Amino acid sequence: MTTPSTEPSDALIRLENVVKVYDTGEVPFTALKGIDLTVRTGEFVGLIGKSGSGKTTLINMITGIDRPTEGEVIVDGTPVHALNENQLARWRGKTIGVVFQFFQLLPTLTVIENVMLPMDFCNVHAPRERPEFAMHLLEQVEMADQAHKLPSALSGGQQQRVAIARALANDPPILAADEPTGNLDSATADAVFGLFESLVDRHKTIVMVTHDNDIATRVRRSLHVHDGEIIEETVHRPRTKRG
Amino acid sequence: MLLEPRWAKILRDLTAHKLRTMLVVLSIAVGIFAIVVVMGGRGMLIDSFAVNFPKSNPMSATMFTSDFGDLVTAAVARDPRVAMVEARRSETFRYRVGALASVADPPAGVAVANRSRSISLTASRDWSAQKIDKVFAQGGATWPPARGEVLLEMSVRQVIPVVVGDSITVDVGANERRELRVAGFAHDINAFPSMFTSTDSGFVSMETMGDLKRPTSENVILLTLQKTGLTREQASTLAADIRDDTVAPAGVTVYGMNVPKPGSHFLGDIFKAISVLLLALGVMALALSGFLVVNTVSALLTQQTRQIGVMKAVGGRASQITSMYLTLVTVYGLLAIVVGLPTGMAAATWFASYAGGLLNFGTTTGGPPGYTLALGIAVGLVVPIAAAYIPIRIGTSIPVVRAFNATGVDAAKFGHGLVDRALGLLRGLPRPVALSLRNTFKRKGRLALTLTTLTLASAVVMSVMCVRASMLQTVADLETWWNHDVEVTFAQPVNARAVEAEALGTPGVVAVESWVTRSTTLVRGDGSENDSLFTIGLPADTTFIKPKLTGGRWLKADDTDSVVVNTDIAKDENLVVGGVVKLKMRGLEKTWHVVGVVSGQLMGPVVFANRPYLENALQQRGEVGRTVIRTQAHDTAFQQQVGDRVERRLKDLNEPVSGVRTQKGMRDQVANELGILVTFLVIMATILAAVGVIGLSGTMIINVLESTREIGVMRAIGASHASIYQVFITEGIVIGALSWLFGALLTYPTSYALVKVLENAMGIPLSYVFSWSGLAIWLAIVTAISAVASLLPAFNASQVSVRDAISYE
């Protein structure tokens, strides 16, 4: 269910008055308090905030992993909030590549099989082409030589590279990353972030959650989330790449 | 790359978690095993019966007569109501295993090691031309038996160790014996198995019968009727008409007739009861196996919740993920078929052989029927998928966000339920014990399934113990009923005084009493007859039996035409206290008043009458058919010794002793008959107990695995290995104890119902006993099993390093 964007500002992601309330059984907790947000094609947006600020909830709205209590979430012309679970899964597989903080590779699949899994689910690429395409993605993240290893044999940084390759499996226009470097040492985090920067150069739109201020300054645009609200927006000048 | 990643994941999940795979496979395999054993074994028994019974061309009626010749046989054959007729001679002897020289009389007072038994030898002029109640030589034995040889009915091997080539020594008269060589064994499906009767069976030639000093003419008429589809009453009437119209006019006296229910075997009711019970227990085992699958698959999905979330996040639809896990379950089913089907088929074959031997049905070649294989495969594939479908649908329908936030316990719900709050009120418990109790009730759905499985298994096991105790009580009650030690029966009426005097003069005998005994025919209002009765005329004030009245009163000394009937005949013929019954014995037809009903003694339908009146009525004063003896001691060996001495003394006087039974021997015979049912129940209870144990073990393994992180935290804050074990062993024991408690509550109604089913099937009243010791024994067993089932996974979990345990997902 994808309709071409008709917005003159070519907004790829649009959230309108999104509210999310969690019913914990005692006092309801409002994680998002009427968020309005627009992300354009090719932007690299960072969601910055402390733990519990609502940034993960916000990115989950964009990826369809969670649903708003009120408001609308339109991604690439699709009203994500109106899709059922099956429609969401299919849409997500083709539209958004998700990268998690703890990598979330399936432990019993090899590296290349993890990368091919989304292709398998969404029937993207002919079956015979999938291994070749997966290897191509692994080469891009410099993990081709580990293709037939299990995740347990890789370091954290290596697993995150594989997770990025998996996120790109169906060539989605959008990548959503929730604290992708949160579990990595600084050098590895830097290298992984570099991958994201290279993807932006290839016209991917990236929304990334982070609490790391240093990383926050390297995104194109950072949105500060506090207590379920976007309290500040900062646009950064493009920086020269390190190294 | 051969497989798509999602199928590769499924296959690797099998091998990556071998213990879990083994648990699920065992859970399914035990259900397959149970159904295949029951259906296969039952099917083989039915098939073997369906082949062997018709093959024998069972008689419609047997007449026990005075001697007759070919003319009578020909006359019966010409009767248009008769399809086939065959004549034989049947005589009962006392015999011992061993050659003549080895069984010479020992000095008086010395016990004979090799005891005498009774044997009914059947002879035919031409065994090769047998047509009715056919007998088949087994194991290559020569048929027909040659002169001087005997073929023993094969069930005799259940009670005495005799092989081909052995000799038996037969008492043929006063101090006269003949030796016969055991030429082999024959199968007579229409004979009572030796373990259920005190008289063995054997087959000889007519010449051999003459050598045994018996007439070589016939005294048994076997016939089949032209009409088919008759009821027992109709067949009985028809047989009586043939007797009156054709046999009696030929000058032959018919002493008694046996007309079974057409087409049915005398063990048919017992087999039916066994069959129904086994089927019910087999289905229960299958259902419980399904519960285990639900439990284990639910746990597997819980463990993989996050992976399910990831697959959905990268584009996997619920239907795709559902099909992945259904495929996994199918593979489990296939593996279970590999384990459960061949073992089940082998067990079914053993079971059929064992049961067929006990029931003397004989066996057929080949294994279980073909449908058993198909059934086992269907069960292995269909049941797991049916059991796992809903848990899989629930597990794969989880929204992605819940999948990523899942902790195994819904934090919002835990602690709010009634049970959780009740546990929270328990004060003063050591923390580890409190933790165990709360862990037990943490996953209520899983607990419910585990408890259901273990409770049902516990209820069945404890019920079977109650049934066994009830059977033992029934046998003990019968010992009380038969308040004598030895019983001597005679082939024809003997002088009571002479026999009693000789018996009283035997060392070890303290009291004797003699009874008039007669085969009896009951004549119904419509003229049809029931000729399977037996009348005993005994003193009204006898102390040699202690009959258990179920209605009315016992005989009085001045009773004339009053009778007391046992429950066997009362039930069969709807006889009630105050009613009348017409009986025919030795040509005398008379109406009697029913004054009382006593419980059956597993001796078949019996009528009791006042001896003096019966003697007069039969014109048989002072002549008796049975003498009962009370001995100084009542142990088996003493009873046997005295029995042997009395038998020798009576034979020395040329008295026609046809049988000597001890009370212990009668008790053993009854115990064997009842024991066969208990054996089958124990087999199935064992299978159900195994299902319960697998269920508990599986639950504990999964519970401990899911608590790995908790274990890491506990060890990080100072818990020793022993403390860890205590937490989980306590949890296991609590589950085991709860299942015992719920099972105990179900035990009374279940065991009572089981006893009633068996009572109806066997047609005899059984004493019901609730076995408290059975409950205590099972409590000890289930506690031990629970502790062991928890110890191993707890031990494994405690070996994981704290760091790895805390980071376990």
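What you are looking at is a predicted structure, and each value in this text was computed from that prediction instead of being measured.

Rules of the game
- Position numbers for residues count from 1 along each chain, tracking the sequence in the order it is written.
- Just so you know, chain letters begin at A and ligand numbers begin at 1, following the order they were written in.
- For a predicted model such as this one, the threshold for reporting local features is a pLDDT of at least 70, and the threshold for listing and counting side-chain atom pairs is 80 or more; totals across whole chains, interfaces and linings nevertheless cover every residue.
- The side-chain values count all of the structure's non-hydrogen atoms but skip hydrogen atoms and water molecules.
- We count a stretch as a helix when DSSP gives it H or I for four or more residues in a row; a strand needs E for two or more, and each element gets its number in order from the N terminus.
- Whether two residues are in contact is decided by their heavy atoms, any of which lying within 4.5 Å being enough.
- A residue counts as positive if it is Lys or Arg and as negative if it is Asp or Glu; His and the chain ends are not included.
- Charge positions are represented by NZ for Lys, CZ for Arg, CG for Asp and CD for Glu.
- With the radius of gyration taken over C-alpha atoms, the globule rule is written as 2.2 Å times the number of residues to the power 0.38.
- Any residue under 20% of the maximum accessible area for its type is buried, any over 50% is exposed, and the rest in between are partly exposed; the area is computed with a 1.4 Å probe on protein chains only.
- Surface accessibility in these figures is a Shrake-Rupley result with a 1.4 Å probe; residues are shielded only by whichever protein chains are displayed.
- Here the arc refers to the directions that run from the helix axis out to each C-beta atom.
- Should DSSP find at least two bridges between two strands, the strands are regarded as paired.
- By definition, no residue in a patch forms a salt bridge, and every one has over 30% relative accessible area; like charges are joined within 9 Å, nonpolar side chains (Val, Leu, Ile, Met, Phe, Trp, Tyr) within 5 Å.
- Only one rule defines a salt bridge in this text: a Lys or Arg side-chain nitrogen within 4 Å of an Asp or Glu carboxyl oxygen.
- What counts as an axis is a line fitted to C-alpha atoms, over the stretch in contact for a helix, and the angles between N-to-C directions run from 0 to 180 degrees.
- For classification purposes, an angle smaller than 35 degrees is called roughly parallel, one larger than 145 roughly antiparallel, one from 65 to 115 roughly perpendicular, and anything else oblique.
- Three residue categories are used. Nonpolar comprises Ala, Val, Leu, Ile, Met, Phe, Trp, Tyr, Cys and Pro, charged comprises Asp, Glu, Lys and Arg, and polar comprises the others, including Gly.
- Accessible surface is computed with a 1.4 Å probe, and the buried area is the amount of it that two parts give up when combined, taken over both parts together.
- Polar contacts, as used here, are pairs of N or O atoms within 3.5 Å; protein pairs need one atom able to donate a hydrogen and one able to accept it. Residues neighboring in sequence count only if both atoms are side-chain atoms.
- These domain boundaries are the output of an automatic or database domain assignment.
- Among buried residues, those of type Ala, Val, Leu, Ile, Met, Phe, Trp, Tyr and Cys that are joined through side-chain atoms within 4.5 Å constitute a nonpolar core.
- Two helices that cross are described as forming a left-handed crossing if the nearer one is turned anticlockwise from the farther one by less than a right angle, and a right-handed crossing if clockwise.
- Any two rings among Phe, Tyr and Trp, with Trp reduced to its six-membered ring, count as a pair given centres within 6.5 Å; such a pair is stacked if its planes are under 30 degrees apart, edge-to-face if over 60, and tilted if neither.
- Charge-over-ring placement is defined geometrically: NZ (Lys) or CZ (Arg) within 6 Å of the ring centre, and within 35 degrees of the ring normal.

Peer 1: Help me understand the overall build of chain B, please; the structure alone is not making it clear to me.
Peer 2: Across its full length, chain B holds 22 helices and 20 strands. For chain B, the share of sequence-separated contacts (at least 6 apart) that also reach a separation of at least 24 residues comes to 83%. Between the averaged position of the 72 positive side-chain charges in chain B and that of its 62 negative side-chain charges there is a distance of 12 Å.

Peer 1: When you look at the overall build of chain A in this model, what are you seeing that I'm missing?
Peer 2: Helix and strand counts for chain A come out as 7 helices and 10 strands. Computed over C-alpha atoms, the radius of gyration of chain A comes to 18 Å, within 12% of the 18 Å expected from 2.2 N^0.38 for 243 residues, which places it in the range of a compact globule. The dimensions of chain A, computed from C-alpha atoms along their principal axes, are 50 × 45 × 40 Å. The buried share among the 243 residues of chain A stands at 53%. A total accessible area of about 10,700 Å² is found for chain A, and carbon and sulfur atoms account for 48% of it.

Peer 1: Just checking my understanding: could you explain helix 4 (residues 130-140) of chain A for this structure?
Peer 2: Given 3.6 residues to a turn, an α-helix orients residues that are three or four positions apart in the same direction. Residues and elements named next belong to chain A. Along helix 4, the residues classified as buried are Arg130, Ala134, Leu137 and Leu138. What you see down the axis of helix 4 is that its buried residues fit within an arc of 100 degrees, all on one side. Contact partners of the buried residues in helix 4: helix 3 (111-122) and helix 5 (156-167). Backbone geometry just downstream of helix 4 places Glu142 in the positive-phi region, at approximately 60 degrees.

Peer 1: Is there a simple way to think about the pairing of strand 2 (residues 82-97) of chain B in this case?
Peer 2: All names here are of chain B. Of all 16 residues making up strand 2, 12 are buried, and the element is well covered by its neighbours. Relative to strand 9 (residues 218-225), strand 2 runs antiparallel, the two being bridged by 6 bridges. Pairing of Val82 across the sheet is with Leu225, part of strand 9. Bridging between strand 2 and strand 3 (residues 117-124) involves 7 bridges; their strand directions are antiparallel. Across the sheet, Phe93 pairs through a bridge with Ile119, a residue of strand 3. Note that strand 2 and strand 6 (residues 167-173) share 4 bridges and pair antiparallel. Considered in strand 6, the bridge of Arg94 is made with Asp171.

Peer 1: Please explain unusual backbone geometry as it appears in this structure.
Peer 2: The step from Trp143 of chain B to Pro144 of chain B runs through a cis peptide bond, and the omega angle for that step is 5 degrees. Secondary-structure assignment places Pro144 of chain B in the loop between strand 4 (136-138) and strand 5 (149-153). The residue Asn17 of chain A is not glycine, and still its phi comes out positive at about 50 degrees. Along the polypeptide, Asn17 of chain A turns up in strand 1 (residues 11-22). Of the residues examined, Asn17 of chain A reaches a relative accessible area of 42% and is grouped as partly exposed. In this structure, Asp227 of chain A is a non-glycine residue whose phi angle is positive, near 50 degrees.

Peer 1: Please explain the environment of Gly290 of chain B as it appears in this structure.
Peer 2: Residues and elements named next belong to chain B. Tracing the chain through its elements places Gly290 in helix 6 (residues 268-303). By relative accessible area, Gly290 is classed as buried at 8%. Considered as a pair, Gly290 and Pro384 are 94 residues apart in the sequence and their alpha carbons are 6.4 Å apart. Setting aside its immediate chain neighbours within four residues, Gly290 contacts Val383 and Ala387.

Peer 1: Can you help me understand a nonpolar patch on the surface in this one?
Peer 2: Residues Leu19, Met22 and Leu26 of chain B make up a contiguous nonpolar surface patch of about 250 Å² in total accessible area. A relative accessible area of 35% means that Leu26 of chain B is categorised as partly exposed.

Peer 1: Please clarify how the packing of helix 1 (residues 5-16) of chain B against helix 2 (residues 18-55) of chain B should be interpreted in this entry.
Peer 2: If you want to describe how two helices pack, look at the angle between their axes and the distance between the axes. Residues and elements named next belong to chain B. It is at 5 Å that the axes of helix 1 and helix 2 come closest, and there the two elements cross at 95 degrees. The pairing of helix 1 with helix 2 is recorded here as roughly perpendicular in orientation. Two secondary-structure elements touch here, helix 1 through Asp13, Leu14, Thr15 and Ala16 and helix 2 through Lys18, Arg20 and Thr21. Looking at the contact of helix 1 with helix 2 residue by residue, the class counts come to 2 nonpolar, 2 polar and 3 charged.

Peer 1: Even after reading the chapter, I still don't get the interface of chain B and chain A, so can you show me in this structure?
Peer 2: When the parts of a complex come together, some accessible area is lost, and that lost area is often used as the size of the interface. Counting residues at the interface gives 28 residues for chain B, matched by 29 residues for chain A. In total, chain B and chain A occlude about 2,600 Å² of area from one another, counting both sides; carbon and sulfur atoms represent 63% of this. Viewed at the interface, chain A and chain B are joined by 3 salt bridges. One salt bridge connects Arg6 of chain B with Asp120 of chain A, and the closest N-O pair in it is separated by 3.2 Å. Here chain B is connected to chain A by 9 residue pairs in polar contact (both at pLDDT 80 or more). Every element with two or more residues in the side of chain B that touches chain A is listed here: helix 1, helix 7 (305-313), helix 8 (318-359) and helix 10 (400-405) of chain B. Residue classes in the side of chain B that touches chain A are distributed as 15 nonpolar, 5 polar and 8 charged.

Peer 1: Help me out: how do you make sense of the domain arrangement of chain B in this one?
Peer 2: As assigned here, chain B comprises domain 1 (1-55 + 272-408), domain 2 (59-258) and domain 3 (486-633). With centres defined by C-alpha atoms, the gap from domain 1 of chain B to domain 3 of chain B works out at 58 Å.

Peer 1: Can you walk me through the sheet that holds strand 3 (residues 44-48) of chain A in this structure?
Peer 2: All names here are of chain A. Across the sheet, which stays open at both edges, the 6 strands sit in the order 6-7-8-3-9-10 with mixed pairing between neighbours. The sheet is open, and its two borders are formed by strand 6 (96-99) and strand 10 (229-235), each paired with just one other strand. In this sheet, adjacent strand axes meet at a mean angle of 15 degrees when their direction is disregarded. The sheet contact formed by strand 7 (residues 174-178) and strand 8 (residues 205-210) spans 5 bridges and is parallel. Bridging across to strand 8, Ile174 finds its partner in Thr205. Along the sheet, helix 6 (residues 186-201) contacts strand 3, strand 6, strand 7 and strand 8; its crossing angle with strand 8, the most-contacted strand, is approximately 155 degrees.

Peer 1: How should the nonpolar core be read in this particular structure?
Peer 2: When a protein is soluble and globular, its nonpolar side chains tend to lie buried together. Counting residues in each nonpolar core, the largest one holds 169 residues, and the members touching the most others are Ile13, Leu15 and Val75 of chain A together with Met311, Tyr325, Phe608 and Leu674 of chain B. No other element matches the 18 residues that helix 18 (residues 663-706) of chain B contributes to this core. With residues near it in sequence (within four places) discarded, Phe608 of chain B still touches Trp481, Ile536, Leu538, Ile545, Trp554, Leu555, Ser562, Val563, Val564, Val598 and Gln601 of chain B. One finds Ile164, Leu168, Leu175 and Val200 of chain A within the second-largest nonpolar core, a separate group that totals 37 residues.

Peer 1: What is the right way to look at the packing of helix 18 of chain B against helix 20 (residues 721-762) of chain B in this model?
Peer 2: Residues and elements named next belong to chain B. Taken N-terminus to C-terminus, the directions of helix 18 and helix 20 make an angle of 160 degrees; their axes are 12 Å apart at the nearest point. Classified by the angle between their axes, helix 18 and helix 20 sit roughly antiparallel to one another. Handedness of the helix 18/helix 20 crossing: right-handed. From helix 18, Leu674, Leu677, Leu681, Leu696, Met700, Asn703 and Val704 reach across to helix 20, where they touch Phe728, Glu731, Gly732, Ile735, Leu754, Leu758 and Met762. For the contact of helix 18 with helix 20, the per-class residue count stands at 11 nonpolar, 2 polar and 1 charged.

Peer 1: Would you explain the packing of aromatic side chains in this entry?
Peer 2: Pairs of aromatic rings are described using the distance from one ring centre to the other and the angle between the two planes. All names here are of chain B. Counted according to the given criterion, the structure contains 19 aromatic pairs over all chains. Joined through ring pairs, the aromatic side chains of Tyr748, Tyr752, Tyr768, Phe770 and Trp772 make up one cluster. Positioned above the aromatic ring of Phe136 is the side chain of Lys55, whose terminal nitrogen or guanidinium carbon lies 4.7 Å from the ring centre. Directly above the ring of Trp592 sits Lys590, whose terminal nitrogen or CZ lies 5.4 Å from the centroid.

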